[in-house]
Amino acid sequence: MTGKEIESSYNGLLGNVKIGRFAAAIETLHLLIRQGISSESYYEVEAIEENYRNLLKYTYEGYADPKRNEILSSIAVSILALADELADHLLEDSSPWQKLARIRLNQEFGTDPLVIASKIDDIFFSHEVTELIEGESSHSSPVTDPIFKFIWLTREMKDYHLRLIRHVNQDDGVEWHEKCLVVSSLTLSALNYFDPQKLELLSEFVLKHQPQVYHRALVGFLLTLIKYNDRIAYYPALVKLIGDLSADEEICREAETIILQLLMAGETERITKEFEEEVLPDMKKMMPKLGDKLQLDNVVDEDPEGENPVWKEMIDEVPGLFEKIEKFSRMQMEGADVFMSTFAMLKRFDFFNEMKNWFIPFYHGHPALKEGSSEDAAIRIRLMEGLEKAFYICNSDKYSFGLNFKGIPPQQRSMIVTHFEAELEQMKELASEEEILDPTMISNAIFTQYIQDLYRFYKLYPQRGEFEDIFKQNLDYPKLFFLHKFSDQKVFSEQLATFYFSKDHWKEAVDLYSYLEELGNATSQLYQKLGYAWQKSGKWNEAYDAYRKAELFDTDRHWVVKKLALCSMKLNDFRQALIFIEEALELKPEDLNLHSQAGQCNLNLNEYSEAIRHYNQVRFFSPGNLKALRPIGYCHFILGELEKAAEAYQEILESTEDPGPYDLMNAGHVALCRGEKEKALGFYRASLNTHAISKKVFRDAFLEDQPYLIKNGIPEGEMPFILEYILIG
C-alpha cells in the first residue's frame with residue numbers, strides 16, 4: 001500500500017468507529033497488519049475481534065447486559081489505539097526528519113526504561129534543569145534539543161515521562177519560560193499521537209495556573225480536544241476531567257476566547273485560500289440572453305441594501321464577541337495576523353532551524369540575544385525590554401526582531417530603538433490605562449501571542465511538511481464534545497455565527513444559524529441572516545425558505561419582501577416576484593430598485609408596456625440614469641414604436657464614448673425597420689468592430705431578434721441575405 005492508501009484506510013477506520021461500524025474497522029486493522037507489522041499486532045486484533053463477536057452474539061441471543069456500552073467503549077479504545085500504532089509505524093518513512101530525530105533520541109537516551117528513568121533522575125536531582133531545558137551557557141546546547149524532543153516524540157507516556165513532566169510542573173526552581181517550553185513539547189506530542197495521559201498532564205499545568213504556562217497549557221489542551229473530538233467520549237476519565245474543568249468559570253470564558261482567536265489566527269490564510277479557490281464565473285453562453293444584451297442587472301443595484309441595516313443594532317446584543325474583537329483590533333492582535341508577512345522573511349536565522357525555538361516565550365535574557373560587545377548594551381537592553389512589553393507582537397516575531405537587530409550597524413541602532421519606543425507608546429495610547437492593566441486583556445494578549453507562535457510554526461518551519469497543520473482543520477463547533485460543557489451553547493454559538501457572518505464565511509454561518517434554529521432559538525433576525533447567508537452562497541431555494549420564515553415575524557417587512565422578490569427572480573418565478581415587488585412598493589413606492597426589478601420581471605413575462613412604465617419610473621426619479629433607457633428602447637422596438645425606440649437609442653449612443661455591441665446592434669435594428677438601411681449597416685458593422693462579441697455571437701443574437709424584425713416589416717425571406725451582407729464586411 002502507498003502512503004496515501006494507508007492514510008485513506010486509517011481515516012476510513014476512524015470514520016467507521018465514529019458511526020459504530022466496528023466490524024468494518026476491524027477488517028481495516030487486518031488490512032494494515034498485512035503490510036508488515038509484527039505478529040503481536042495480529043494477536044491483538046484477534047482478541048479485539050473475539051470480544052466484539054461475543055458482544056454481538058449475546059445481544060443477538062437476547063441477553064441484557066448493563067455494561068454493554070462500557071464494553072463497546074473499551075473495544076473502540078482498543079481499535080483506535082491499535083490503528084494509531086499501525087498507521088504511525090507504516091507512515092514513518094513519509095516523515096524522514098522525524099524518523100531521524102527519533103533514532104538520534106534513542107541513541108541519546110537508550111530504550112531501556114530503567115536507563116531512561118535513571119538519566120531523568122540525574123537531570124533533575126542534580127538541579128541542572130535550566131541548562132538542560134534552555135541551555136544556560138549556550139542556546140545550542142546539545143542536551144537542550146533532545147529534552148524537548150524527548151517529550152514531543154513520545155507516542156505513549158511511560159512512568160518516566162510522567163515523572164519528568166510533573167516534576168517540571170511542580171518545581172518552583174524551574175524557570176517559567178522553561179515550563180512553557182515543556183508544555184509546548186507536550187502539546188505537539190499530544191497532537192502528533194493520541195494518549196489520554198497527555199491531556200491529563202496538560203490539565204495539571206492548567207490547574208497550577210502559573211501565568212504564561214497556564215495559557216499555553218489551556219491552548220494545547222483545547223487543540224487536542226478539538227483534534228480528537230470523535231474519541232473523547234470513549235474515555236470516562238477524560239469526560240470527567242472535562243466536567244471538572246468546566247466548573248471553573250474563568251477556564252470556560254477563556255476557552256471561548258481561545259476558539260475565537262483560533263478563528264482569527266486562521267483568517268488570513270482562509271481568505272487567501274478562498275480567493276485562490278474561487279471559481280471564476282462561467283463563460284457566458286454563446287446564445288446571448290435578454291439580460292446580457294440589455295444589461296438589466298446594471299439598471300440599478302440588484303441588491304443595494306445588502307445586509308439588513310437593523311442588524312447593525314443587533315450586533316451589540318451579541319454578548320462579549322465584538323468587545324473582544326474591538327480590543328484585539330486596537331492592539332493589532334486580530335487573528336488576521338498583520339505581522340505574518342512582515343516577519344516571515346526574518347525566520348531564516350539559524351535560531352529557527354532548532355524546533356524548540358519557535359515556542360520559547362520572549363525574555364530579554366535569552367542567550368541568543370546577547371551581544372559580543374558591551375558598547376551599546378544599554379541600547380540593546382532598551383530594545384529587548386521594550387519587546388517584552390509589546391503585547392501586539394508574538395514571541396516568534398520578537399526573536400526575529402531581536403536577532404535582526406544584531407546585524408544592524410551600531411550607528412543606526414539608537415535611532416531604531418527610539419522609533420520603536422515611540423511606536424510602543426502610540427500603541428499604549430490606543431487603550432486606556434485600565435484596559436492595559438486589565439487581567440483579562442493581558443490574558444487575551446498571551447493567548448493571542450501563543451496562537452500566533454503556533455501559526456508561524458505550522459506555516460513557516462522548514463520541516464512543516466511533516467506536521468499536520470492544525471489551522472487547516474475543518475471544525476464543526478456545535479459538535480465539539482467539550483463545548484457542551486464549557487460554554488452556553490446558545491450564547492457562544494451566536495458569537496461564532498456572528499463572527500463567521502461578519503467575515504463572509506457563508507457556509508459556516510449557515511451551519512451555525514441552522515444549529516441555533518435546531519436549539520429552538522428562532523427569531524426574525526436569525527432567519528434573515530440565515531437567508532442572507534444562503535443567498536450569498538448562491539442557494540436561492542434555501543434562501544427563499546429562510547426569508548419566508550423571517551416574513552412570519554412581521555418585522556423588517558420591506559427588507560424581507562424585497563429579498564423574497566430577488567430570490568423569486570433568481571428562481572425564474574417572475575410572476576411571484578412581481579407579487580412581492582408590488583407589496584414592497586406599497587411600503588416604499590419611490591424605491592427605484594423595485595421598479596427596475598418589476599420592469600425586468602415584466603420583460604421576462606413579455607409584458608412590455610408594463611416594463612416601460614416601471615423603467616420610466618426609474619427615469620423620472622433618476623433622470624441621469626441612462627441605463628434604464630436600454631430596456632425602454634428595446635421594449636418600444638418590440639412593440640413597434642420605432643420613433644420612441646430611435647429616440648432612446650440616440651440618447652444612449654450620444655451619452656457614451658464607448659457604446660456596447662448590443663446598444664449598436666439594437667440601434668441598427670431600429671434603423672433597419674425604419675428603412676434607414678445605410679445607417680443600420682453602420683450600426684451593425686460598428687457593433688462587430690467593438691470586438692466585444694464574435695461573429696457567431698452576433699449571428700445568434702441577430703437571429704434571436706429576427707421575430708421582432710419581421711414583425712416590424714422586414715420580409716422574412718430577406719433576413720438571411722441581410723445577415724450575410726452584414727457579416728461579410
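Note that residues are indexed from 1 along each chain, following the sequence as it is written. Local features in this predicted model are restricted to residues whose pLDDT is 70 or higher, and side-chain atom pairs enter the listing and the counts only when it is 80 or higher, whereas totals over whole chains, interfaces and linings include all residues. In computing side-chain properties, one takes all heavy atoms of the structure into account and sets aside hydrogens as well as water.

**Observations regarding the overall build of the protein**
For the purposes of this entry, the term helix denotes a DSSP run of H or I that reaches at least four residues, the term strand denotes a run of E that reaches at least two, and both are numbered from the N terminus. Counting its regular elements, the protein contains 40 helices and zero strands. By the burial criterion, 50% of the 729 residues in the protein qualify as buried. Residue contacts follow a heavy-atom distance rule, with two residues in contact if any of their heavy atoms lie within 4.5 Å. Long-range contacts, defined as pairs at least 24 residues apart, comprise 70% of the intrachain contacts of the protein with a sequence gap of at least 6. Every accessible area reported is derived by Shrake-Rupley at a probe size of 1.4 Å, with residue values counting cover from the shown protein chains alone. When the accessible surface of the protein is split by element, carbon and sulfur atoms take 52% of a total near 34700 Å². Per-residue accessibility, obtained with a 1.4 Å probe over protein chains only, is compared with the maximum for each type, and a residue is labelled buried under 20%, exposed over 50%, and partly exposed between these values.

**Remarks on the environment of F150**
Secondary-structure assignment places F150 in helix α8 (residues 144–152). C-alpha separation for the pair F150 and S189, spaced 39 residues apart in sequence, amounts to 9.6 Å. Ignoring anything within four residues of it in the chain, the contact list for F150 reads L105, F109, I116, I120, Y160, H161 and L164.

**Some details on the packing of aromatic side chains**
Aromatic pairs are defined between Phe, Tyr and Trp rings, using the six-membered ring for Trp, whenever the two ring centres lie within 6.5 Å; interplanar angles under 30 degrees are classed as stacked, those over 60 as edge-to-face, and all others as tilted. Applying the stated criterion across every chain, the model contains 41 aromatic pairs. On the basis of an interplanar angle of 80 degrees and a centroid distance of 5.8 Å, the ring pair of W358 and Y461 is categorised as edge-to-face. Here W358 is found in the loop between α19 (340–344) and α20 (377–389), whereas its partner Y461 is found in the loop between α24 (439–460) and α25 (483–486), with 103 residues between them in sequence. In this analysis the charged atom, NZ for Lys or CZ for Arg, is taken to sit over a ring once it is within 6 Å of the ring centre and within 35 degrees of the ring normal. The side chain of R231 reaches across the aromatic face of F194, ending 5.0 Å from its centre. Taking the ring centre of Y725 as reference, the NZ or CZ of R685 above it sits at 5.5 Å.

**Looking at the pattern of salt bridges**
Salt bridge criterion: a side-chain nitrogen from Lys or Arg within 4 Å of a carboxyl oxygen from Asp or Glu. Enumeration according to the criterion identifies 31 salt bridges in this entry. A salt bridge links D397 to R456; its shortest N-O distance comes to 2.8 Å. Highlighted residues: D397 in helix α21 (residues 395–406) and R456 in helix α24, separated in sequence by 59 residues. By relative accessible area, which is 0% here, R456 ends up buried. The partner of R575 in a salt bridge is E607, and the shortest N-O contact between them spans 2.6 Å. With a gap of 32 residues between them, R575 in helix α31 (residues 574–587) and E607 in the loop between α32 (592–604) and α33 (608–621) connect regions that are remote in the sequence. A residue is classified by how much of its surface remains accessible, and R575, at 43% relative accessible area, is partly exposed. The exposure class of E607 is partly exposed, given its relative accessible area of 23%. A single salt-bridge network, built from bridges that share partners, covers R548, E551, R557 and E583.

**What about the packing of helix α30 (residues 557–570) against α32?**
Interaxial distance between α30 and α32 falls to 11 Å at its minimum, and their mutual angle equals 25 degrees. As the angle between them shows, α30 and α32 are arranged roughly parallel. Once α30 is placed against α32, the crossing between them reads as left-handed. Only N593, L594, Q597, Q600 and C601 of α32 make contact with α30, whose side of the interface consists of H558, K562, L566 and M569. In this analysis, axes come from line fits to C-alpha atoms, helices being fitted only over the stretch in contact, and the angle between any two N-to-C directions falls in the range 0 to 180 degrees. We call two directions roughly parallel when the angle between them is under 35 degrees, roughly antiparallel when it is over 145, roughly perpendicular when it lies between 65 and 115, and oblique otherwise. In this scheme, a crossing is called left-handed if the near helix is turned counterclockwise away from the far one by less than a right angle; it is called right-handed if the turn is clockwise.

**Focus: unusual backbone geometry**
A positive phi angle, close to 60 degrees, is found at H209, a residue other than glycine. With respect to the helices and strands, the residue H209 is situated in the loop between α11 (196–208) and α12 (213–227). For H209, a relative accessible area of 32% corresponds to the partly exposed category. Backbone geometry places N572, a non-glycine residue, at a positive phi of 65 degrees. Structurally, N572 can be placed in the loop between α30 and α31.

**As for the confidence of the model for the protein**
The predictor's confidence in any single residue is recorded as pLDDT, a number from 0 to 100. Overall, the predicted model of the protein reaches an average pLDDT of 84, with 83% of residues at or above 70. Residue range residues 324–335 is modelled with pLDDT below 50. Its contacts to residues more than four positions away, or to other chains, number 47 contacts.

**As for the environment of F362**
Note on placement: F362 falls in the loop between α19 and α20. Residues within four places of F362 in sequence aside, it is in contact with W176, L369, M384, L387, E388, N395, K398 and Y399.

**A few points about helix α9 (residues 159–170)**
Compared with an ideal rise of 1.5 Å per residue, which puts twelve residues at 16 Å, α9 spans 16 Å between its outermost C-alpha atoms and is within 8% of the ideal. Of all the residues in α9, the buried ones are Y160, H161, L162, L164, I165, V168 and N169. One less than the number of residues in a helix, times 1.5 Å, gives the span that helix is expected to have.

**A word on α30**
Relative to the 20 Å expected for 14 residues at 1.5 Å per residue, α30 spans 20 Å between its end C-alpha atoms, a close match to the ideal helical length. Taking burial as the measure, the 14 residues of α30 include twelve buried ones, the bulk of the element. Among all positions in α30, only H558, W559, V560, V561, K562, K563, L564, A565, L566, C567, S568 and M569 are buried. Two residues or fewer after α30 comes N572, characterised by a positive phi angle close to 65 degrees.

**Notes on the packing of α21 against α24**
One way to put it is that α21 packs onto α24 with a least axis distance of 7 Å and a crossing angle of 70 degrees. Comparing the axis directions of α21 and α24 gives the class roughly perpendicular. Where α21 approaches α24, its residues N395, S396, D397 and K398 are matched on the opposing element by Q449, D453 and R456. Side-chain classes are defined by residue name, with Ala, Val, Leu, Ile, Met, Phe, Trp, Tyr, Cys and Pro counting as nonpolar, Asp, Glu, Lys and Arg as charged, and the others, Gly among them, as polar. Residue composition of the contact of α21 with α24, grouped by class: no nonpolar, three polar and four charged.

**Some points on the environment of E716**
When you line up the elements, E716 lands in the loop between α39 (706–711) and α40 (719–728). What makes E716 exposed here is its relative accessible area of 54%. Linking E716 and Q706, residues ten residues apart in sequence, is a C-alpha distance of 8.4 Å.

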